[in-house]
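Summary of the model geometry
Here is what each chain is made of, one letter per residue.
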Protein chains: 4
Amino acid sequence: MPSPTAILLVSCPDQRGIVAALSSFITQHNGNIIALDQYVDNQEGVFFARMEWELAGFGCPLDDFTRCFAPVADPLHMTWRLFRSDKPHRMAVMVSKQAHCLYDILARYESGEWPAELVLVLSNHEDHRGLVERHGLPFHHIPVTAATKAAAEAQQIALLREAGVDLVVLARYMQILSPAFVDAFPMRIINIHHSFLPAFAGANPYRAAHERGVKIIGATAHYVTAALDEGPIIEQDVHRVSHRQGVDDLVRLGRDLEKIVLSRAIYWHLHHRLLVYKNRTVVFS
Amino acid sequence: MPSPTAILLVSCPDQRGIVAALSSFITQHNGNIIALDQYVDNQEGVFFARMEWELAGFGCPLDDFTRCFAPVADPLHMTWRLFRSDKPHRMAVMVSKQAHCLYDILARYESGEWPAELVLVLSNHEDHRGLVERHGLPFHHIPVTAATKAAAEAQQIALLREAGVDLVVLARYMQILSPAFVDAFPMRIINIHHSFLPAFAGANPYRAAHERGVKIIGATAHYVTAALDEGPIIEQDVHRVSHRQGVDDLVRLGRDLEKIVLSRAIYWHLHHRLLVYKNRTVVFS
Amino acid sequence: MPSPTAILLVSCPDQRGIVAALSSFITQHNGNIIALDQYVDNQEGVFFARMEWELAGFGCPLDDFTRCFAPVADPLHMTWRLFRSDKPHRMAVMVSKQAHCLYDILARYESGEWPAELVLVLSNHEDHRGLVERHGLPFHHIPVTAATKAAAEAQQIALLREAGVDLVVLARYMQILSPAFVDAFPMRIINIHHSFLPAFAGANPYRAAHERGVKIIGATAHYVTAALDEGPIIEQDVHRVSHRQGVDDLVRLGRDLEKIVLSRAIYWHLHHRLLVYKNRTVVFS
Amino acid sequence: MPSPTAILLVSCPDQRGIVAALSSFITQHNGNIIALDQYVDNQEGVFFARMEWELAGFGCPLDDFTRCFAPVADPLHMTWRLFRSDKPHRMAVMVSKQAHCLYDILARYESGEWPAELVLVLSNHEDHRGLVERHGLPFHHIPVTAATKAAAEAQQIALLREAGVDLVVLARYMQILSPAFVDAFPMRIINIHHSFLPAFAGANPYRAAHERGVKIIGATAHYVTAALDEGPIIEQDVHRVSHRQGVDDLVRLGRDLEKIVLSRAIYWHLHHRLLVYKNRTVVFS
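Residues numbered from 1 in each chain as written. Chains lettered and ligands numbered in written order. Predicted model: local features only at pLDDT ≥ 70, side-chain atom pairs only at ≥ 80, totals over all residues. Heavy atoms only, no water.

This paragraph deals with the relation of the copies chain A and chain B. Relating one copy of the chain to the other requires a rotation about an axis plus a shift along that axis. For these two chains of identical sequence, chain A goes onto chain B by a turn of 180° and a shift of 0.0 Å along the axis, with RMSD 0.0 Å. Put plainly, the chains are arranged around a two-fold axis. Residue A:A199, judged by its C-alpha, is the member of chain A lying nearest the rotation axis, at 2.3 Å. Most of the interface of chain A is mirrored in chain B, where 100% of its interface residues again form contacts. (Least-squares fit on C-alpha atoms with pLDDT ≥ 70 in both. Contact = heavy atoms within 4.5 Å.)

Below is the structure:
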């Protein structure tokens, strides 16, 4: 059982001495840094860092962190977020008819692979109630039609908020979320798209990939933004195919890609290893 | 030194007995089949095959093959092409300023890796004359501007025809060929595009890939058709990148992808392992 | 629901006319070939084929196939095996404490992804009884110690035979099977080894990989033979790592490799796409 | 043309405040850090860093660096090496009969891709004199037999020392270097081995890979140590194969792997991105 840590994600305009300032700050408060990753986008002139230190013995109480950290953060114009490793994420899954990502998430969750509480599953279909409830988790069936979409989303958002959800995973949820929904969980909704984005955005990507005759298929996990399939990419992976694979084969091989790529993105998000900047991600993997 | 072979590429509507008919035909003419690859696109109902047999002892002279083969080909409505392994391709390379693919092609050619005669190099710049002539190969500098493009292409086509070229390799040739040029060498022009098509077609794909924040870059070798970057894909490969790679890094890493992917496509074309159907390739690799 | 098919796996000394003989045989009995894959190992002079045809209308009853096929098989000295697509495999899983492969297999089974009956799960530990029984499947806990190994294996073999099992999947089963056990299911036991064989055979491969400082880890699915980790390799895949990944990270990343590689091997076995020759596999994927 | 930089590679026992001390040191001397990569091996308790800063305006003359840096380095028990980006490596290549890696190195060198002077090529065969001399580079043919090996190595070492070589690249040099040779260039000899080490160390790895029936082949670039094929691995990459590829195909496909993997290792070495620790490499790629 690792001892609890604090994780700080930082970005600011690049300049001399930032790393020294950050690490001195922790050292001066008697913190023991166990990980420090930093990256400078020289083209944009932006500095990014992830710093993790042990809470034991750290001299600034975390609920007073804003005040402690101000002498470092303010002059450097830092944007920052602070997390504690002993406060797990509260995660929800949204799913439609295809279950391979849901199965994979449930297996990882049950195995204790992730620092997260899986608090509920939402679906626009009834199909996977048994699967979810078998794991002792709440399942909510909220049908979505063009006519009922706004009301359905309001109900979804209410359930997610009530449950204190801070990460929504779209595990092959085949509905497009409205901008209002997306705004309610900014950079807190991860989707898996079944293509190598930006190729084959939108519907039926495996069919489109087959028609284009690609020799490699892919899957893409990304944060959801208002623009469909255009949010910041977190992770991608690919699988070689040939003329011998029909659309059905691509769908079958793609399922494995999708669940693995999605799980990597979730892992990094849960471990606070992702920063977003200019619609791109910095991944401290 | 392998003994000379004949290679037959066939496609026809799928039906019972095609493979039997093909292999019986060779056997009856005393041919020794050393490779037989076939593929049926069940969705489209089309049969494809590549058959290779030793010329020694084969009972039908190849210049009379059309007549010999008619009893098989005609009732099955076959489209076919016949090649001899001892009649190497005549290949030309077109290049602009970037030389990495040209270097790679020259090295393979000089090493005798390919069953081909490299007969000339065309460029819209003077830069690589020394490199090409050092290998004892003719280099033609034909500048291309918007005003002179038609005349330049006429000159290029004349040179290619005069040299008996049957494969044109665009080794990072940064000009768009007119439909008339493409029509002069149908499915005989191979281009390397520096992205994972259909993502990032057109100009500056590495810049576009960096801006989109992809986690994997790619390169695509394809036959050139009148529609830019939309011809049948022959081969693709990819390389993992991260936020740490700037555009310059993508360009650098991409160079290696480009030259390897292009060389695989050339290899298959030279060995008559490619059939094109509905803007897709069948690769008997 | 596809109509039932017969699948024939054949190997024999290479010679002229084999494909013609095979396809003529099916055609003469009014069979409709839907897939014919063949391969010749020119070095060894051996011919391999997989032929699949629709049972509907086929003129030779399958229980009389040996007699029908003899005029083809005998003069060509064929070794062959015949399967029907409508007679699914009977599969058993053996597992120890690690459950990721078991979860993945259960999810695929429940989703109907595989043409197989999963008939029982054996384990040398009690841990996963709940997981297995939740899927309505029999779970047998058979502890294995050095002293009880022979008896335990006898009990395992009896259970497998009684259940008519024809494929045993070792889903991270951490016991070495005796030659007697292996002989009872020749080329019918698939193991997943958590390294890129032949590197890091035996125990603790991720620790060994980390100590050797490899930049890529792998997993290997293979048929089990009497020689530990030396059976014919069915499938392998890899994942890039760096100095940043400790042993625990390799174990975590490896789990995803293991379950995917194992599932591909099972898929091919269940679809009769594997032939074994000289401790190597021919995979008609 | 980027402005000249200093590059510092550091390792020391891990403790609090190292990064702060390093970056403060540069900042206090008016240096502008343009890259800082650090890594802590928590298991071993060792800290590693690579720091790069602009020389312009840096307050400590580099020929006095040891003295300037002592107040930081000494109390932290640092091992360090300092390089300047404007002082390119002096590189030699050793090659036998296979030329694909040599071609690739010459092309990159001629294209100015690497911050290095290629000062000479040594070979135990005469074959590639023309190729090397065509590039205006010295070529030395030093035959090696069991009887003459010691004398040949003495001659090689003399030539390398005389030319001020600080990186020796074995570009498919098929002779084993003696421990004395290796000791003369510690962690300054990079070899490309044509297998996915530790699998298939030693001679004929492609033949061995084919016999074992692997589904993926690889290549490995590593620093040469006295133990054959056991030095610290710098880079590896792989290529998928199938039963259809014979030994000749593996050799052909492997050539492309070898040259690309070798060039990545050279690139990192030339940019001072490699540290070695416990027979493993830290790659700040």
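Residue and element names in this part refer to chain C. Every buried residue of helix α2 (residues 65-73) is accounted for by F65, C68, F69, V72 and A73. Buried residues along α2 cover an arc of 130° about the axis, so they all sit on one side. Within α2, the exposed residues directed more than 90 degrees away from the buried face are R67 and P71. The elements touched by buried residues of α2 are β1 (5-13), α1 (18-28), β3 (46-54) and β4 (79-84). (Buried < 20%, exposed > 50% of the residue type's maximum accessible area, 1.4 Å probe, protein only. Helix = DSSP H or I, 4+ residues; strand = E, 2+ residues; numbered from the N terminus. Arc of directions from axis to C-beta.)

Turning to the sheet that holds strand β1 (residues 5-13) of chain A, a few remarks are in order. All names here are of chain A. The 4 strands are arranged β2-β3-β1-β4 in an open sheet whose pairing can be described as antiparallel. The open sheet has two edge strands, β2 (32-41) and β4 (79-84), and neither has a second partner. Going from strand to strand, the sheet's axes swing by 10° on average, the running direction of each strand aside. One ladder, built from 6 bridges, connects β1 with β4; its direction is antiparallel. Counted as the bridge partner of S11 is T79 from β4. Lying on the sheet, helix α1 (residues 18-28) is in contact with β1, β2 and β3 (46-54); it crosses β3 at an angle near 20°. (Pairing = 2+ DSSP bridges. Axes fitted to C-alpha atoms, helices over the stretch in contact; angles between N-to-C directions.)

This paragraph deals with the environment of B:F181. Residue and element names in this part refer to chain B. For F181, the location among the structural elements is in helix α6 (residues 179-184). Separated by 39 residues in the primary sequence, F181 and T220 have C-alpha atoms spaced 21 Å apart. Excluding its chain neighbours within four sequence positions, the residues that come into contact with F181 are M94, E153, Q156, I157, L160 and I189.

On to the state of the cysteines. Taken as a whole, this structure holds 4 disulfides over all chains when the rule is applied. Across a sulfur-sulfur distance of 2.2 Å, B:C60 and B:C68 are joined as a disulfide pair. Disulfide B:C60-B:C68: the torsion about the S-S bond is 100°, which places it as right-handed. Residue class for B:C68 comes out buried when judged on its relative accessible area of 12%. The structure places no disulfide on A:C101, whose sulfur is separated from the nearest cysteine sulfur, that of C:C101, by 18 Å. (Disulfide = S-S within 2.5 Å.)

This next bit is on the interface of chain A and chain B. Between chain A and chain B, the residue contacts involve 36 residues of the former and 36 residues of the latter. Summed over both partners, the interface of chain A with chain B buries about 3000 Å², with 52% contributed by carbon and sulfur atoms. When the buried area of chain A at its contact with chain B is split by residue, A:R212, A:K215 and A:H243 rank highest and sum to 23% of it. Across the chain A-chain B interface, the total number found is 4 salt bridges. (Buried area = accessible area lost by both parts, 1.4 Å probe. Salt bridge = Lys/Arg side-chain N within 4 Å of Asp/Glu carboxyl O.)

Right, let's get into the packing of aromatic side chains. One pass over the structure, following the stated rule, counts 46 aromatic pairs over all chains. Judged by centre distance (6.4 Å) and plane angle (70°), the rings of C:F25 and C:F58 are edge-to-face. Here C:F58 lies in the loop between β3 and α2 and C:F25 lies in helix α1, a separation of 33 residues in the sequence. Each member of the pair, C:F25 together with C:F58, is buried. Linked through ring pairs, A:F25, A:W53, A:F58, A:F65, A:F69 and A:W80 together constitute an aromatic cluster. The ring centre of B:Y267 lies 3.8 Å from the NZ or CZ of D:R252, which sits over that ring. (Phe/Tyr/Trp six-rings, centres within 6.5 Å; stacked < 30°, edge-to-face > 60°. Lys NZ or Arg CZ within 6 Å of the ring centre and 35° of its normal.)

For the rest of this paragraph, the subject is the sheet that holds strand β9 (residues 189-193) of chain A. All names here are of chain A. Read across the sheet, 7 strands follow the order β7-β6-β5-β8-β9-β10-β11 without closing on themselves; strand pairing throughout is mixed. Here the strands that pair on one side only, and so sit at the sheet edges, are β7 (139-141) and β11 (233-240). When strand polarity is set aside, the average angle formed by the axes of neighbouring strands in this sheet is 20°. Of the pairings in the sheet, the one linking strand β10 (residues 216-223) to β11 comprises 7 bridges and is antiparallel in character. Its bridge partner being in β11, T220 is matched across the sheet by Q236.

Turning our eyes to something else, we now look at the domain arrangement of chain A. All names here are of chain A. Split into domains, chain A comes out as domain 1 (5-84) and domain 2 (89-283). Its C-alpha centre places domain 1 at a distance of 31 Å from the equivalent point of domain 2. Every contact between the two is made by 13 residues of domain 1 and, on the other side, 9 residues of domain 2. Both faces considered, domain 1 and domain 2 share a buried interface measuring about 980 Å² in area, 60% of it formed by carbon and sulfur atoms. In terms of surface lost to domain 2, no three residues of domain 1 exceed E44, F48 and R50, which account for 45% of the buried area on that side. For the pair domain 1 and domain 2, the number of links is 2 salt bridges. A salt bridge links K278 to E44; the nearest nitrogen and oxygen atoms lie 3.2 Å apart. Summed over the shared surface of domain 1 and domain 2, the number is 4 residue pairs in polar contact (both at pLDDT 80 or more). Elements with a contribution of two residues or more to the side of domain 1 that touches domain 2: β1, β2, β3 and β4. Of the residues assigned to the side of domain 1 that touches domain 2, the class counts are 8 nonpolar, no polar and 5 charged. (Domains from an automatic or database assignment. Polar contact = N/O pair within 3.5 Å; in protein donor to acceptor, adjacent residues only side chain to side chain. Nonpolar A, V, L, I, M, F, W, Y, C, P; charged D, E, K, R; others polar.)

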